[in-house]
Each structure stands twice: as C-alpha cells, then as structure tokens.
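What follows is each chain in one-letter form.
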Amino acid sequence: MDAGLLQMVMSVFIEIVLPYLIPIVFLFTVFLFTDEIAGLLRHMMKVAKK
C-alpha cells in the first residue's frame, strides 16, 4: 500500500470517524455506568424493604 494513500486514509479516519466514534463510546460508557447505578439502587431498595 502506498504511504501517501495510507496517510490520506488515516487523516480521513481522524476527521470523519473519530467525531462520531467518541460520542458513541461516551454514551456506551454512560449507559453501562447508569446500568450499574440502577442495579445498586435496586439492591438498596430491596435492603431498605427488609
């Protein structure tokens, strides 16, 4: 593969893909984190009911 072409592909990837990738990763992390918190809250509610 040509080095110039590779450079172009990399710059396109950084300019186009990363701006979309970062929010997706961020949202995915927040979603997992929220799920953890929800699980903790449910656990606390069960403990509080007893």
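Here, every reference points to the structure presented above.
For every chain, the first residue of the written sequence is number 1, and numbering continues from 1 onward in sequence order. Local features in this predicted model are restricted to residues of pLDDT 70 or higher, and side-chain atom pairs are both shown and tallied only at a pLDDT of 80 or more, whereas totals for entire chains, interfaces and linings draw on every residue. Just so you know, side-chain values use all the structure's heavy atoms and leave hydrogens and water out.

Asker: Give me the lowdown on the overall build of the protein chain, citing residues and values where you can.
Answerer: Elements are defined by DSSP. Helices are runs of H or I of four residues or more, strands are runs of E of two residues or more, and each kind is numbered from the N terminus. Secondary structure summary: the protein chain contains one helix and zero strands in total. C-alpha atoms define the radius of gyration, and 2.2 Å times the number of residues to the power 0.38 defines the globule rule. Relative to the compact-globule value of 10 Å for 50 residues, the protein chain shows a C-alpha radius of gyration of 21 Å, a clear excess of over 25%. Its C-alpha atoms give the protein chain principal-axis dimensions of about 65 × 15 × 5 Å. Carbon and sulfur atoms make up 77% of the accessible area of the protein chain, which amounts to about 5000 Å² in all. In the protein chain, 4 positive and 4 negative side-chain charges are present, and the distance between their average locations comes to 34 Å. Under the convention used here, a 1.4 Å probe and the Shrake-Rupley method define accessible areas, while residue burial counts only the protein chains that appear. We treat Lys and Arg as the positive residues and Asp and Glu as the negative residues; His and chain ends play no part in the count. Every charge is mapped onto a representative atom, which is NZ of Lys, CZ of Arg, CG of Asp or CD of Glu.

Asker: Break down helix α1 (residues 3-49) for me, citing the residues and quoting the values.
Answerer: Helices are assigned an expected span. That span is 1.5 Å times one less than the residue count. Counted at 1.5 Å a residue, the expected span for α1 with its 47 residues is 69 Å, and the 65 Å between its end C-alpha atoms agrees. What the bend at a residue measures is the angle between two axes, fitted to the seven residues ending there and to the seven starting there. Taking the largest bend as the criterion, α1 deviates by roughly 45°, centred on Val17, and proline Pro19 comes between one and four positions later.

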